[in-house]
Amino acid sequence: MPFAIGSRRRAFLLGGAALLAAPAIVSNAARAQAARTLRFGHVHPPEGEVTRGIVKAAEVLQQSSGGRLRIDNFPSSQLGGEREMLTQVSNGTLDLCITGPAVLGSWVRPISILESPFLASDFDQVLRMFGHPAIQAATRQLAEGRSMRPLEPWYYGTRHMTTRDKPLRQPEDLRGLKMRVPQAPLFVDMMRTLGAAPTPMSLGEVYLSLQTGVIDGQENPLPTIAANKFMEVQRYINLTGHILVPLLPVIASATWTAMPEGDRTLVAQALREGAKVSDALVRQGEQSLRGEFEGRGTQFIDSDRPAFRRALAPLYERYEEVWGRGVFAALQAL
């Protein structure tokens, strides 16, 4: 049975009802009484927007289940980087994780398109993309082939690049810079196409790497930049606006199928409420943080976005075979 999805997220179909069905090994009445604690690992800091959304989801789930169901929150890469935690979700040793489509693309390559540069103009367009057959096929592959089931997307914000010593007005300004990227092939290829030296690492390693000069810059939405205090060790926020990011909570298939339908519904509803909190905080931060940063001496650079988009043309050509011929153009046109 599909989830009852709110109007803003109705496009997210999870690939149809088949993904949500589970065999009734024991009676629902017996299973519904079982207490369960779900371990939720992620890379975001304790004070960050995503963590506050997860805390809200935990509160909602505990209340709606009468205390039977709990979420234990493990922020700041306590259980490993994103790839390590997704491996744990896939093999059933971790219940929940939240990550971007580009990282999930390490398991199912076509889903990385949802985090490709200059794809979407706003988050509503991203949500519509989840109804496209290519995206539904990718989410089915994650569930059926990789044993992790994506739930409704959260809004993570629009990514911009920060640098320590050099403003980025044109793509050529990136040449030779060591730029941190998530541990995702698409991000590595994006930076390499722009002439930078991509340095994949977990989010929790970035501050020290910036501070010590291991890397010259990084890229993230403004609220993430603020929550991780990156501008203490950076000077420029370059408004490249290159990626609008959906985060996907994923739940281990073993966890999902072990729960009765009623408990699955409670988990989905709790995560939906958590998404509302996180999304609102991200949007609020995107609107207010520029003034706060400028008050502390941060310089904002209006990067030439059309030039960055043109410079990435070879990336789009290379990934056509990964994403499917014409899929990028079809999603961009939604």
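One can find the structure itself at the top, above this paragraph.
Source: prediction; values computed, not measured. (Residues numbered from 1 in each chain as written. Predicted model: local features only at pLDDT ≥ 70, side-chain atom pairs only at ≥ 80, totals over all residues. Heavy atoms only, no water.)

Points about the layout of surface pockets
Applied cut-off: Buriedness of a pocket was judged along seven lines, with at least five required to meet protein on both sides within 12 Å; pockets are open sets of points on a 1 Å grid over the protein atoms alone, cavities are sets where a 1.4 Å probe fits but cannot get out, and lining residues have an atom within 4 Å of a point. Grid points are joined across faces, edges and corners, and a volume is the space filled by probe spheres set on the points. Strands are runs of DSSP state E lasting at least two residues, helices are runs of H or I lasting at least four, and both sets are numbered from the N terminus onward. All residues other than Ala, Val, Leu, Ile, Met, Phe, Trp, Tyr, Cys, Pro, Asp, Glu, Lys and Arg, Gly among them, are scored as polar; the first ten of these are nonpolar and the last four charged.
Computed from the structure, the largest pocket encloses a volume of approximately 360 Å³. Secondary-structure elements contributing two or more residues to the lining of the largest pocket are helix 2 (49-64), helix 9 (222-227) and helix 11 (261-295). Element by element, the count of residues in the lining of the largest pocket is highest for helix 11, at seven residues. Of the residues contributing to the lining of the largest pocket, the split by class is eight nonpolar, six polar and seven charged.

Overview of helix 6 (residues 133-146)
Here is the rule: Residue count minus one, scaled by 1.5 Å, sets the expected span of a helix. Relative accessible area decides the class of each residue, using a 1.4 Å probe on protein chains only: under 20% of the type maximum gives buried, over 50% gives exposed, and in between gives partly exposed. The directions considered for the arc are those from the helix axis to the C-beta atoms.
Over its 14 residues, helix 6 runs 19 Å from end to end, which matches the ideal 20 Å to within 8%, given 1.5 Å per residue. Turning to helix 6, its buried residues number three or more, namely Ile135, Gln136, Ala138, Thr139, Leu142 and Ala143. The buried residues of helix 6 all sit within an arc of 160° when viewed along its axis, so they share a single face. Residues of helix 6 that are exposed and point more than 90 degrees away from the buried face comprise Pro133, Glu144 and Gly145.

Quick notes on the packing of aromatic side chains
Filter applied, for reference: Only the six-membered ring of Trp is used, alongside the rings of Phe and Tyr, when aromatic pairs are assigned; centres must lie within 6.5 Å, and planes under 30 degrees apart are stacked while those over 60 apart are edge-to-face, with the rest tilted. Two thresholds decide whether a charge sits over a ring: the Lys NZ or Arg CZ must be within 6 Å of the ring centre and within 35 degrees of the ring normal.
The final tally for this structure, using the stated rule, is five aromatic pairs. Relative to Trp323, the ring of Tyr319 has its centre 5.1 Å away and its plane inclined at 35°; by these criteria the two rings are tilted. Remark: Trp323 and Tyr319 occur in helix 13 (residues 313-323); sequence separation between them is four residues, near one turn of the helix. Of the two residues, Tyr319 and Trp323, both sit in the buried class. Counting every residue linked through ring pairs, the aromatic cluster contains Tyr316, Tyr319, Trp323 and Phe328. If you follow Arg39 out to its NZ or CZ, it ends over the ring of Phe74, 5.3 Å from the centre. The cationic tip of Arg283 hangs over the ring face of Tyr155; the distance from NZ or CZ to the ring centre is 4.4 Å.

Focus on the pattern of salt bridges
So the rule is basically this: We define a salt bridge as a contact between a side-chain nitrogen of Lys or Arg and a carboxyl oxygen of Asp or Glu at a distance within 4 Å.
With the rule as written, the count across this model stands at 14 salt bridges. Taking the shortest distance from any N to any O, the salt bridge between Asp189 and Arg192 comes out at 3.9 Å. Within this pair, Asp189 and its partner Arg192 are both found in helix 7 (residues 185-193), separated by three residues, close to a single helical turn. The class of Asp189 is partly exposed, set by a relative accessible area of 21%. What makes Arg192 exposed here is its relative accessible area of 51%.

Distances and angles like these do not, on their own, reveal function.
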